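Analysis of the macromolecular model
Each chain, written out:
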Amino acid sequence: YNQNTKKYVLVAQHNESVLFASCDTPTGNFKVENIQDYITNVAKQGTGDQTIFIDDDGKAYLICSNKGGRGNQYVAPLRESDYLAAEPATRVARGYGREG
């Protein structure tokens, strides 16, 4: 849920991209708002397994592996204004497999 827009945000892997959709309710008909083809600093430019983390301060992050393997783990902040895009990522782990 994004406090700025008062909308629920769905973030999903879409082929080799990340799909962002929003809706007024958590169970309603989500509208696709953005398909992001790559995230800066992610190896091979695409994401693999992923999840979302929202910190106590309201900042949201995409936690993901790189596409085609789980050898790298990344944390990418979501755009604070609406959570409809991922900002450049930081690699936080390398060399061992983990799911998002």
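Residues numbered from 1 in each chain as written. Predicted model: local features only at pLDDT ≥ 70, side-chain atom pairs only at ≥ 80, totals over all residues. Heavy atoms only, no water.

Some remarks on the sheet that holds strand S1 (residues 8-14)
Where we set the bar: For two strands to be treated as a pair, DSSP must find no fewer than two bridges joining them. Only DSSP runs of H or I reaching four residues or more are called helices, and only runs of E reaching two or more are called strands; each is numbered from the N terminus. Lines fitted to C-alpha atoms define the axes here, with helix axes fitted over just the stretch in contact, and angles between the N-to-C directions of these axes take values from 0 to 180 degrees.
An order of S1-S2-S3 is seen for the 3 strands of this open sheet, with the pairing classed as antiparallel. Two strands lie at the open edges of the sheet, namely S1 and strand S3 (31-36), each paired on one side alone. Each neighbouring strand pair of the sheet contributes to a mean axis angle of 25°, computed without reference to strand direction. By the bridge criterion, 7 bridges tie S1 to strand S2 (residues 17-23) in an arrangement that is antiparallel. Within S2, the residue paired with Gln 13 across the bridge is Val 18.

Examining the sheet that holds strand S6 (residues 72-77)
Within a sheet, neighbouring strands are paired by backbone hydrogen bonds and run either parallel or antiparallel to one another. Read across the open sheet, the 4 strands follow the order S4-S5-S6-S7; overall the sheet is antiparallel. Each having just a single partner strand, strand S4 (47-54) and strand S7 (90-94) make up the two edges of the open sheet. In this sheet, neighbouring strand axes are inclined to one another by 25° on average, regardless of whether the strands run parallel or antiparallel. Of the pairings in the sheet, the one linking S6 to S7 comprises 4 bridges and is antiparallel in character. Looking across to S7, one finds that Gln 73 is bridged to Ala 93.

Observations regarding the pairing of strand S5 (residues 60-66)
Short version of the rule: Accessibility here uses a 1.4 Å probe with only protein chains present; expressed as a share of the type maximum, an area under 20% marks a residue as buried, one over 50% as exposed, and anything in between as partly exposed.
Counting buried positions along S5 yields 7 of 7 residues, so the element is predominantly enclosed. The sheet contact formed by S4 and S5 spans 6 bridges and is antiparallel. Pairing of Ile 54 across the sheet is with Ala 60, part of S5. The sheet contact formed by S5 and S6 spans 5 bridges and is antiparallel. Residue pairing in the sheet places Tyr 61 in a bridge with Pro 77 of S6.

A closer look at the nonpolar core
Put simply, the rule is: For this analysis, a nonpolar core means a set of buried residues of the types Ala, Val, Leu, Ile, Met, Phe, Trp, Tyr and Cys, connected via side-chain atoms within 4.5 Å.
By size, the foremost hydrophobic cluster in this structure holds 15 residues, and its most contacted members are Phe 20, Ile 39, Leu 62, Leu 78 and Ala 86. Sorting the residues of this core by element identifies S2, S5 and S6 as the ones contributing at least two each. Tallying contributions element by element places S5 first for this core, with 3 residues.

Some details on the confidence of the model for the protein
How we decide: Residue-level confidence of the predictor is summarised by pLDDT, bounded by 0 at the bottom and 100 at the top.
Per-residue pLDDT for the protein has a mean of 89; in total, 92% of the residues score no lower than 70. Across the protein, the element-wise mean pLDDT spans from 87 in S4 up to 97 in S3.

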